[in-house]
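Summary of structural features
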Amino acid sequence: MHNVTLFQSNAVRLVGLGLAAAVLIAAAGGSLASFQARSPGSNMKAVGGAELVIDLIQGQETVLWSSLTGPVTNIRTVGWPTNDGTAELGGALMLERPADGAVGIVDFGEKPMSMTFEVND
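Residues numbered from 1 in each chain as written. Predicted model: local features only at pLDDT ≥ 70, side-chain atom pairs only at ≥ 80, totals over all residues. Heavy atoms only, no water.

Turning our eyes to something else, we now look at the overall build of the chain. What the chain contains, in helices and strands, is 1 helix and 10 strands. Going from the N terminus to the C terminus, the chain shows its helices and strands as α-β-β-β-β-β-β-β-β-β-β. Burial analysis of the chain (121 residues in total) assigns 26% to the buried set. Relative to all contacts within the chain whose residues are 6 or more apart in sequence, the contacts with residues 24 or more apart total 60%. Accessible surface, the chain as shown: approximately 8,000 Å² in total, 61% of it carbon and sulfur. (Helix = DSSP H or I, 4+ residues; strand = E, 2+ residues; numbered from the N terminus. Buried < 20%, exposed > 50% of the residue type's maximum accessible area, 1.4 Å probe, protein only. Contact = heavy atoms within 4.5 Å. Areas by Shrake-Rupley, 256 points an atom, 1.4 Å probe, with all protein chains shown as cover.)

Okay, here's the thing in structure tokens:
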């Protein structure tokens, strides 16, 4: 019985250390702001408070963004999967390192499925 309690105690301690390490890594590396659309052609919505980090203006083919907290270092844009009649194709993927980390335009050609911004704040 004592060994089981000791094992559970160590497991809880390890989980706690893992969570603490994840928080420190996130704090040191900035934050992520994610936006997702519910269906093709719809506007993306902020996930988990992303609207407090990035301001988006969405058009039919482009997204104008501005950072509210710090410079954006990377943007990951994912398009909707398509089907060519015989095979399911993945959605387009665009990775970008903006020259100006404060504002920018992403010209994706269609409304994206999701966008994730890496921000140094």
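Back to the write-up after that little detour.
Okay, the confidence of the model for the chain next. Mean pLDDT over the chain: 82, with 76% of residues reaching 70 or higher. Low pLDDT, under 50, characterises residues 3-28; the predicted model gives this stretch 0 contacts beyond four residues in sequence or across chains. (pLDDT = per-residue confidence, 0-100.)

The side chains of a regular strand alternate between both faces of the sheet. In terms of residue burial, strand 5 (residues 72-78) counts as a mostly covered element, since 5 of its 7 residues are buried. In the sheet, strand 5 pairs with strand 8 (residues 93-96) via 4 bridges, with the strands oriented antiparallel. Pairing of Arg 76 across the sheet is with Leu 95, part of strand 8. (Pairing = 2+ DSSP bridges.)

Attention now goes to the pairing of strand 1 (residues 31-36). The pairing of strand 1 with strand 10 (residues 114-119) spans 6 bridges and is classified as antiparallel. Bridging from a neighbouring strand, Ser 34 pairs with Thr 116 of strand 10. In the sheet, strand 1 pairs with strand 2 (residues 45-47) via 3 bridges, with the strands oriented antiparallel. The partner of Ser 34 across the bridge, within strand 2, is Val 47.

Side chains that are nonpolar tend, in soluble globular proteins, to be buried together. One finds Phe 35, Ile 54, Leu 56, Trp 65 and Phe 117 to be the most contacted residues of the largest nonpolar core, which totals 17 residues. For this core, the secondary structure elements donating two or more residues are strand 1, strand 3 (54-58), strand 4 (62-67), strand 5 and strand 10. If one sorts the elements of this core by residue count, strand 10 sits on top with 3 residues. (Core = buried A, V, L, I, M, F, W, Y, C linked by side-chain atoms within 4.5 Å.)

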